[in-house]
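Chain by chain, the residues:
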Amino acid sequence: MTGPAAGGRFVGQRVPRHEDARFVTGTGHYVDDIVLPGTLHVAFARSHMARGRLTGVDTSAAAEVPGVIAVLTAADLNHLVREWWTDFEGPNGQSRQFRLFADGDVRFVGEPVAMVVAASRYVAEDAVELVEIDIEPETPVVDPEHAADEGAPLVHPEAGSNVVLELPAVDNPAVESVFASAPHAFTETFRQHRYACVPMETRGILASWDSAVRQLTVWLSTQGQFAAQGLFARVLGLPEAQIRVIMPDVGGAFGQKMFPHPEELAVAFATRRLGQPVKWIEDRRENLLCGEHAREDQATISLAVDDDGAILGAKADFLESVGAFPVAGGSALLLTTSIFPGPYRIGAAAGSGKTVYTNTAGRGSYRGPWMIETVARELMIDHVARALGIERLEIRRRNVIGEADLPYTMATGFVYDQMTAAATLEQAAQLIGYDEFLARQADMRAEGRLIGIGISLLAEPSAVAFGWFSTDAAIVRIGLHGSVDVLTSSASHGQSLETTIAQVVADELGVDVDDVRVIQGDTAVTPFGPGTGGSRSAVVVAGAARGAAQEVRAKVLNIAAHQLEAAVEDLVLEEGRIHVAGTPTRSSTVADVARLAYLDLAALPPDQGPGLEAQYRFAPQDKFTWSNACHMCTCEVDPATGAVTILRYVVSEDCGVMINPSVVEGQIAGGVVQGIGGALYEHMKYDDEGNPLTTTFVDYLLPTAAEVPVIEYGHIETPSPTNPGGHKGMGEGGAIASPPAVVNAVADALAPLGVTIRRQPLSPSEILSLIATPTGLPPG
């Protein structure tokens, strides 16, 4: 079904982003820019040990500092928490361990123990240094591979086990039969390391309790105002109607701001208790220390293959660490084990896994939280190719799902109704000049250079649409003078929704995109919805906006037809004007129609109510809208220093009908940069005692423009059948497919040295260690 996609006057065009003007001029309005008279400020005292008995918390010295209003601990607030489940997980979410402040013991370095509320942030920071925290240290659980060992210390003694979730391997005769009869079977274990979300804007909250009207107003850096409202309501024991959550500009989130953390909830308690506005802005050390972590995964992969490299069967066993207090959705194990076969024809597959607590910071749903399945699968395919002496692009060609295979049902049950993995594989190979590179690589290797090329293929389960994420809504309203407001249940934290939703609505209403304003992020104004997450906006939010705009368009045409004494089907609506087809002089404007709709009700047709407004709620046809991509990159490794230089990076992506190619490429680029950082630089490292070692940007390395190459794009547009616009989500694919592409490129560069890569990050010291002690296969 691959082919050109339908586009509109604005949909499919590189429309400049509406939000750029204020962002590039420094006039964006974030939580910390909001000032209320009498605001108090918060600093948190935190545990300095990973595990131990909390024998004392002395706040007296801090409380005596001039300007300190209150110092609050578990004794003051923990018992006030009513319920802590999120709408995403439902009441069963209370099985997840949670507490506001450490009480009786500490369970990770950085766990909040007390909060100082003061007249200024300076006073709060000075006073928090005076809070004395006494801890009798105990042996922590840091290594997830030993968290479930018999006799291992318990992160949460009341839970009785460090195992959060277990999907045991079950008898699967079909899979075992395939492995028993396959000519070849290979097994490898791959590990990836812990890293952090690192949004440009850290977490932040300003909360203000108005006792006169019993109303809590919260300005929050979040991914979803209603998700926050629901959690605040349950934790505080207030009706949702008494809580208004406002989401100003948000400087990135990547999953970290899906739900409020204990710190934000404690701030809400503080404003109720003190009767003054209270603000907390997370500093960078706190963000790295305990914002949210991710990616600490292990996967043991077995593939059964024939002599030609055809994959006959697969088994995958995963292990993930969720730290001490994972947030809702922190475990991705169920999805990871379900979609492991990816964009390949694998007739028999079985998945298993285990999720464990450790005495480390909690895990969140970092961009593509299930991505270990892609990393492990793509590394394993390269391993098998080398073992069989089959070229790595060729082995993928032999196994990738092609158009002739569709619809294709994965061995785990999911159905691909459309998939262009084979096409993206070929487009990426053409863009990067795969064959030409291999020819040059041989010569460069002869010169002693370590040059490699990496491939990864991705099937992304985008537009998650079940449970809490089932629907989104939009209100479209044409005002008295013809301008358009779109109120969305979701809100942007960097996805350009102010522009892309305006493009969709402008096309449906036949008005200029600059006449459309998108209003978002306020529970008192916008329709109810789950917020951003799961790569849903292009499909679900745009679907809602499109539906609402179509209803308003029908009203506009109905009124205009009555006004012009013409049939609706004879009218043309474009560029804000309505005219009779073939008779441009018989015309009206959207603004004229709006004035009739609001001011001259007698001029309306008998069946037409007043106003030009509609609300529409959209739910995709399927739980997932599958997009797909192929990433390829080339690199060179310096054998003396171990440094990796990415030479070229190519992405071929099919995200259905693109609303705005510039936004699509921006999303891809952001994800790829995060993936490069994850594979080569970023590492949230703990020592054996559970002490985090990388809590500043001096130690926690992020890629900069100097390390990232120009990213080249190829687009294939296959309209999705799950939504009227034919769009597919793609917000997470860049971050998922890039680490295996980079690792495979480095592995290819080092292959002549007999190196096989089984763990990350590929820091210079790690690469030098691999070169010094090769443990891999000979070059294939």
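Remember, it's a predicted structure, so these values are computed and weren't measured experimentally.

### Some points on the overall build of the chain
Next, step 1: Helix and strand content of the chain: 19 helices and 30 strands.
Next, step 2: In terms of its C-alpha atoms, the chain occupies a principal-axis envelope of roughly 85 × 70 × 50 Å.
Next, step 3: The proportion of buried residues among the 780 residues of the chain is 61%.
Next, step 4: Pairs at least 24 apart in sequence give 79% of the contacts found in the chain among residues at least 6 apart.
Next, step 5: Working note: accessible area of the chain is about 27900 Å², and carbon and sulfur atoms make up 52% of it.
Next, step 6: When the 55 positive and 96 negative side-chain charges of the chain are each reduced to one mean point, those points stand 2 Å apart.

### Remarks on the packing of aromatic side chains
Two aromatic rings, taken as a pair, are described by how far apart their centres are and by the angle between their planes.
Next, step 1: Taken as a whole and assessed by the stated rule, the structure comprises 16 aromatic pairs.
Next, step 2: An aromatic cluster of three or more residues is present, and its members are Phe414, Tyr416, Phe466, Phe624 and Trp626.
Next, step 3: Against the face of Trp85 rests Arg234, its NZ or CZ located 3.8 Å from the ring centre.
Next, step 4: Looking at Lys315, its charged tip hangs above the ring of Phe179, at a distance of 4.5 Å from the centre.

### So, the packing of helix α14 (residues 497–509) against helix α15 (residues 537–564)
Next, step 1: Two elements in contact, α14 and α15, have axes separated by 9 Å at closest approach and are oriented at 35 degrees. Seen from above, α14 lies across α15 with right-handed handedness. Between α14 and α15, the residues in contact are Leu497, Ile501, Val504, Val505, Asp507, Glu508 and Leu509 and Ser537, Val541, Ala542, Ala545, Arg546, Ala549, Gln550, Val552 and Arg553, respectively.
Next, step 2: Tallied by class, residues from the contact of α14 with α15 come to 10 nonpolar, two polar and four charged.

### Description of unusual backbone geometry
Next, step 1: The residue after Leu406, namely Pro407, is reached through a cis peptide bond having omega -10 degrees.
Next, step 2: Inspection of the secondary structure puts Pro407 in the loop between α11 (392–399) and β18 (408–409).
Next, step 3: Here the amide bond leading from Gln760 into Pro761 is cis, since omega sits at -5 degrees, within 30 degrees of zero.
Next, step 4: Counting through the fold element by element, Pro761 comes out in the loop between α18 (733–750) and α19 (764–772).
Next, step 5: For Ser535, which is not a glycine, the phi torsion comes out positive at approximately 50 degrees.
Next, step 6: For Ser535, a relative accessible area of 12% translates into the label buried.

### So, the nonpolar core
Next, step 1: With 125 residues, the main nonpolar core has Ile301, Leu303, Met632, Val637, Tyr649, Val742 and Val746 as its most contacted residues.
Next, step 2: The dominant element in this core, judged by the number of residues it contributes, is α18, at 10 residues.
Next, step 3: Ignoring sequence-local partners within four residues, the contact set of Val742 consists of Cys633, Ile646, Tyr649, Ile676, Ala679 and Leu680.
Next, step 4: Residues Ile478, Leu497, Ala502 and Ala506 belong to the second largest nonpolar core, which totals 51 residues.

### Observations concerning a negative patch on the surface
Next, step 1: Taken together, the side chains of Asp143, Asp149, Asp688 and Glu689 make up a negatively charged region of the molecular surface.
Next, step 2: Positionally, Glu689 belongs in the loop between α17 (661–680) and β30 (711–715).

### Looking at helix α7 (residues 262–274)
Next, step 1: Compared with an ideal rise of 1.5 Å per residue, which puts 13 residues at 18 Å, α7 spans 18 Å between its outermost C-alpha atoms and is within 8% of the ideal.
Next, step 2: Those residues of α7 that sit buried are Glu263, Glu264, Leu265, Ala266, Val267, Ala268, Phe269, Ala270 and Thr271.
Next, step 3: One or two residues past the end of α7 sits Gly275, with phi positive at roughly 70 degrees.

### Considerations on the sheet that holds strand β1 (residues 40–46)
Next, step 1: With respect to topology, seven strands assemble into an open sheet ordered β3-β5-β1-β13-β10-β11-β12, the strand pairing being mixed. The two strands at the open ends of the sheet, each matched to only one other strand, are β3 (68–73) and β12 (243–246). Taken over all neighbouring pairs, the strand axes of this sheet differ in orientation by 20 degrees on average, direction set aside.
Next, step 2: In terms of strand pairing, β1 meets strand β5 (residues 112–118) through six bridges, oriented antiparallel. The residue bridging Val42 from the neighbouring strand is Val117, located in β5.
Next, step 3: The sheet strands contacting helix α6 (residues 225–236) are β10 (204–210), β11 (215–220) and β12, and the helix crosses β12 at an angle near 145 degrees.
Next, step 4: The strands touched by α7 are β1, β3, β5, β10, β11 and β13 (278–281); relative to β10, the strand with the most contacts, the crossing angle is about 25 degrees.

### Here we look at the packing of helix α10 (residues 372–388) against α18
The axes of two packed helices give the description: the angle between them and the distance between them.
Next, step 1: One way to put it is that α10 packs onto α18 with a least axis distance of 8 Å and a crossing angle of 25 degrees. Between α10 and α18, the interaxial angle falls into the category roughly parallel. Seen from above, α10 lies across α18 with right-handed handedness. Contacts between α10 and α18 pair Thr374, Val375, Glu378, Leu379, Asp382 and Arg386 from the former with Ile736, Pro739, Pro740, Val743, Asn744, Ala747 and Asp748 from the latter.
Next, step 2: For the contact of α10 with α18, the residue count by class is seven nonpolar, two polar and four charged.

### Points about the state of the cysteines
Next, step 1: What the rule picks out here adds up to zero disulfides.
Next, step 2: We note that Cys197 lacks a disulfide partner, and the nearest cysteine sulfur, in Cys290, lies 12 Å from it.
Next, step 3: A relative accessible area of 2% places Cys197 in the buried class.

### Side note on the side chain of Arg46
Next, step 1: Considering the arrangement of structural elements, one finds Arg46 in strand β1.
Next, step 2: Under the relative-accessibility criterion, Arg46 is labelled buried at 12%.
Next, step 3: A polar contact is formed between the side chain of Arg46 and the side chain of Glu286, at a distance of 2.8 Å.
Next, step 4: In contact with Arg46, other than residues within four places in its own chain, are Gly110, Glu111, Pro112, Val113, Ile133, Glu263, Trp280, Glu286, Leu289 and Cys290.

### Brief notes about the pattern of salt bridges
When their charged atoms lie close together, side chains carrying opposite charge are able to pair.
Next, step 1: Counted by the stated rule, this structure contains 49 salt bridges.
Next, step 2: Note that Arg386 and Asp748 form a salt bridge whose closest N and O atoms lie 4.0 Å from each other. Of the two residues, Arg386 is situated in helix α10 and Asp748 in helix α18; the sequence distance between them amounts to 362 residues.
Next, step 3: Close ionic contact of Arg477 with Glu613 constitutes a salt bridge, the shortest N to O distance being 3.6 Å. Here Glu613 lies in strand β27 (residues 613–618) and Arg477 lies in strand β21 (residues 472–478), a separation of 136 residues in the sequence.
Next, step 4: Using a relative accessible area of 28% as the deciding quantity, one classes Arg477 as partly exposed.
Next, step 5: Owing to a relative accessible area of 39%, Glu613 belongs among the partly exposed residues under this scheme.

### A few points about the environment of Phe469
Next, step 1: Tracing the backbone through its elements, the reader meets Phe469 in the loop between β20 (450–462) and β21.
Next, step 2: Residues Phe469 and Ala228, spaced 241 residues apart in sequence, show a C-alpha to C-alpha distance of 14 Å.
Next, step 3: The contacts of Phe469, once residues within four sequence positions are left out, are Phe88, Met258, Val464, Pro530, Gly531, Gly533 and Arg536.

### Details of the pairing of β21
Next, step 1: Burial runs high along β21: six of the seven residues are buried.
Next, step 2: Two strands pair when backbone bridges link them, and β21 and β27 are joined in this way by six bridges, in the antiparallel orientation. If you follow Ala474 over to β27, its bridge partner there is Tyr616.
Next, step 3: As defined by bridge partners, β21 adjoins strand β22 (residues 484–488) across five bridges and the pair is classed as antiparallel. Note that in β22 the partner of Arg477 across the bridge is Asp485.
Next, step 4: Taking the residues that link successive antiparallel strands as the turn, the β21-β22 hairpin has five residues, and the phi of Gly482 there is positive, at about 95 degrees.

Conventions used here
Residues numbered from 1 in each chain as written. Predicted model: local features only at pLDDT ≥ 70, side-chain atom pairs only at ≥ 80, totals over all residues. Heavy atoms only, no water. Helix = DSSP H or I, 4+ residues; strand = E, 2+ residues; numbered from the N terminus. Buried < 20%, exposed > 50% of the residue type's maximum accessible area, 1.4 Å probe, protein only. Contact = heavy atoms within 4.5 Å. Areas by Shrake-Rupley, 256 points an atom, 1.4 Å probe, with all protein chains shown as cover. Lys, Arg positive; Asp, Glu negative; His and termini not counted. Charge placed at Lys NZ, Arg CZ, Asp CG, Glu CD. Phe/Tyr/Trp six-rings, centres within 6.5 Å; stacked < 30°, edge-to-face > 60°. Lys NZ or Arg CZ within 6 Å of the ring centre and 35° of its normal. Axes fitted to C-alpha atoms, helices over the stretch in contact; angles between N-to-C directions. Left-handed = near helix turned anticlockwise from the far one by under 90°. Nonpolar A, V, L, I, M, F, W, Y, C, P; charged D, E, K, R; others polar. Core = buried A, V, L, I, M, F, W, Y, C linked by side-chain atoms within 4.5 Å. Patch = residues over 30% accessible without salt bridge, like charges linked within 9 Å, V, L, I, M, F, W, Y side chains within 5 Å. Salt bridge = Lys/Arg side-chain N within 4 Å of Asp/Glu carboxyl O. Expected span 1.5 Å × (residues − 1). Pairing = 2+ DSSP bridges. Parallel < 35°, antiparallel > 145°, perpendicular 65-115°, else oblique. Disulfide = S-S within 2.5 Å. Polar contact = N/O pair within 3.5 Å; in protein donor to acceptor, adjacent residues only side chain to side chain.

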